[in-house]
Amino acid sequence: MTAIRIDGKAMAEQVRADVATGVAELKATHGVTPGLAVVLVGEDPASEVYVRNKIKQTEACGMTSFHHVLSKDTTRESLLRLIRSLNEDPEVHGILVQLPLPGHLDAKDVIESIDPAKDVDGFHTANVGELWTEGQPFVPCTPLGCLKLLKSVCPDIAGKHAVVIGRSNIVGRPMAALLLNESATVTIAHSKTDDLPGLCRQADILVAAVGRPQMVKADWIKPGAVVLDVGINRIEDDAGQSKLVGDVDFDAALSVAGAVTPVPGGPGPMTIACLLANTLEAAKRSVA
Ligand code: GUN
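Thresholds applied
- Residues numbered from 1 in each chain as written.
- Predicted model: local features only at pLDDT ≥ 70, side-chain atom pairs only at ≥ 80, totals over all residues.
- Heavy atoms only, no water.
- Patch = residues over 30% accessible without salt bridge, like charges linked within 9 Å, V, L, I, M, F, W, Y side chains within 5 Å.
- Areas by Shrake-Rupley, 256 points an atom, 1.4 Å probe, with all protein chains shown as cover.
- Salt bridge = Lys/Arg side-chain N within 4 Å of Asp/Glu carboxyl O.
- Helix = DSSP H or I, 4+ residues; strand = E, 2+ residues; numbered from the N terminus.
- Buried < 20%, exposed > 50% of the residue type's maximum accessible area, 1.4 Å probe, protein only.
- Pairing = 2+ DSSP bridges.
- Axes fitted to C-alpha atoms, helices over the stretch in contact; angles between N-to-C directions.
- Near = heavy atom within 4 Å.
- Polar contact = N/O pair within 3.5 Å; in protein donor to acceptor, adjacent residues only side chain to side chain.
- Nonpolar A, V, L, I, M, F, W, Y, C, P; charged D, E, K, R; others polar.
- Expected span 1.5 Å × (residues − 1).
- Contact = heavy atoms within 4.5 Å.
- Lys, Arg positive; Asp, Glu negative; His and termini not counted.
- Parallel < 35°, antiparallel > 145°, perpendicular 65-115°, else oblique.
- Core = buried A, V, L, I, M, F, W, Y, C linked by side-chain atoms within 4.5 Å.

### Section: a nonpolar patch on the surface
Stage number 1. Side chains of Val128, Trp132, Leu180 and Ile188 sit close together on the surface and give an oily, nonpolar patch of about 330 Å² of accessible area.
Stage number 2. Structurally, Ile188 is set in strand β6 (residues 185-189).
Stage number 3. On the accessibility criterion, Ile188 (35% relative accessible area) is partly exposed.

### Here's the deal with the pairing of strand β4 (residues 94-97)
Stage number 1. Burial along β4 is two-sided: the face carrying Gly94 and Leu96 and the face carrying Ile95 and Val97 are both buried.
Stage number 2. Where strand β2 (residues 35-41) meets β4, four bridges bridge the pair, whose relative direction is parallel. Residue pairing for β4: Ala37 is matched across the bridge by Ile95.

### Side note on the sheet that holds β2
Stage number 1. Pairing is parallel in the open sheet, where three strands are placed in the order β3-β2-β4. Only two strands of the sheet have a single neighbouring strand rather than two, namely β3 (64-70) and β4. Ignoring strand direction, the axes of neighbouring strands in this sheet form an average angle of 15 degrees.
Stage number 2. In this structure, β2 lies alongside β3, joined through seven bridges in parallel fashion. Residue pairing for β3: Leu40 is matched across the bridge by Val69.

### Remarks on the site of the ligand
Stage number 1. In the vicinity of the ligand, the residues found are Leu96, Val97, Gln98, Leu99, Asp121 and Phe123.
Stage number 2. Contact distances for the ligand include 2.8 Å between a nitrogen atom and a backbone N or O atom of Val97.
Stage number 3. The separation between a nitrogen atom of the ligand and a polar side-chain atom of Gln98 is 3.3 Å.
Stage number 4. A total of 280 Å² of accessible area belongs to the ligand in isolation, and the protein chains cover 83% of it.
Stage number 5. Its residues placed into classes, the shell around the ligand shows four nonpolar, one polar and one charged.

### With respect to helix α1 (residues 8-30)
Stage number 1. With 23 residues, α1 ought to run about 33 Å at 1.5 Å a step, and its terminal C-alpha atoms sit 32 Å apart, in line with that.
Stage number 2. Of all the positions in α1, only Gly8, Ala12, Val15, Val19, Gly22, Val23 and Leu26 are classed as buried.
Stage number 3. Those residues of α1 that are buried lie in contact with α6 (141-153) and α10 (267-287).
Stage number 4. Two or three places before Lys9, at the opening of α1, Asp7 has a side-chain oxygen 3.1 Å from that residue's backbone nitrogen.
Stage number 5. Where α1 ends, the next residue or the one after it, Gly31, has phi of about 65 degrees, a positive value.

### Focus: the pattern of salt bridges
Stage number 1. Tallied over the full model, the rule gives five salt bridges.
Stage number 2. In this structure, the salt-bridge partner of Glu77 is Arg76, at a minimum N-O distance of 3.9 Å.
Stage number 3. Owing to a relative accessible area of 46%, Glu77 belongs among the partly exposed residues under this scheme.
Stage number 4. Salt-bridge contacts for Lys151 lead to Glu182; the nearest nitrogen and oxygen are separated by 3.1 Å.

### So, the side chain of Lys54
Stage number 1. Positionally, Lys54 belongs in helix α2 (residues 45-60).
Stage number 2. Asp121 is the oppositely charged side chain nearest to the buried, salt-bridge-free Lys54, at an N-O distance of 6.0 Å.
Stage number 3. Setting aside chain neighbours within four positions, we find Lys54 in contact with Leu96, Gln98, Ile272 and Leu275.

### Examining the sheet that holds strand β11 (residues 259-260)
Where strands meet in a sheet, backbone hydrogen bonds hold them as pairs that are either parallel or antiparallel.
Stage number 1. Reading across from one edge, β1-β11-β8-β7-β5-β6 is the order of the six strands in this open sheet, with parallel pairing throughout. Looking at which strands have only one partner, the edges of the open sheet turn out to be β1 (4-5) and β6.
Stage number 2. On the sheet, α6 packs against β1, β7 (205-208), β8 (226-229) and β11 and is oriented at approximately 155 degrees with respect to β8.
Stage number 3. Across the sheet, helix α7 (residues 172-181) touches β5 (161-165), β6 and β7, and the angle it forms with β5 is around 170 degrees.

### A look at the packing of α1 against α6
Stage number 1. The N-to-C vectors of α1 and α6 enclose an angle of 110 degrees; their axes lie 11 Å apart at closest approach. Compared by their axis directions, α1 and α6 come out roughly perpendicular. Residue-level contacts link Gly8, Met11 and Val15 of α1 to Lys148, Leu149 and Ser152 of α6.
Stage number 2. Grouping the constituent residues of the contact of α1 with α6 by class yields three nonpolar, two polar and one charged.

### Details of the nonpolar core
Stage number 1. Core analysis: the largest hydrophobic core is formed by 52 residues, its most contacted members being Val19, Met63, Leu150, Ile157, Leu179, Val207 and Leu228.
Stage number 2. In terms of residue count, the dominant contributor to this core is α10 (nine residues).
Stage number 3. With residues near it in sequence (within four places) discarded, Leu179 still touches Leu150, Ile157, Ala162, Val164, Ala184, Val186 and Val207.

If you want it as structure tokens, here you go:
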């Protein structure tokens, strides 16, 4: 069997096109242009790349982008002051503080200072609570993108056994909540899980979000399963060239799985597209 290769790039383009249409409608009907503020503290090169892409794509779909770059020595007080001013700015509908933050700043403390109505990352405990109680959350962008990819090949999730490897606040936990809300039977696995390969082999839906290059091998995968690979790891190939790989051994997975996401080109492109969708949603809620 050769698995379906789930195309995250194509789906992200579709999501962005839908967002652009929604932005134009909101401008026409309410005179409101959705605005996303991105805050970057310090000079982490990977974060700078993410932030540049976010700004480009925000503007490409007709939204306003506000960009704040603060030095790595920024104090808690001045960061919280900036967030307070963004909370109060009517032109800002979404606020994203790029993680990780420099060591002297506590991410949780910073996230909790964001108005939950503008928390388009879905990291504030108010949104986490809404997600786990089937309320009206902003859902973290990477798991939201994964769910859309999953539904494209597996419209009926109810009753399926989903195994999520990884328990981070950004991916693993919210992914598990989303799958539970779709009536999957969900197991969250992590570094201390006994017999991880055996557990994964029971999964109809397998989500890998651990940050360990090509950890999931072919014999971890139930034949026909849907495999979503959230990992983005840089490794050197046999010729000494640097390349990106996921947490799943993609070539091996192709021969066993029913469908699998590639890296790059899987959940990655969907993350920013879902951020834009969340920002549009925040702007719509602001006029509702
Ligand atoms: N760093 C890596 N992924 C993310 C994300 O989804 N949101 C934020 N704010 N920072 C990140």
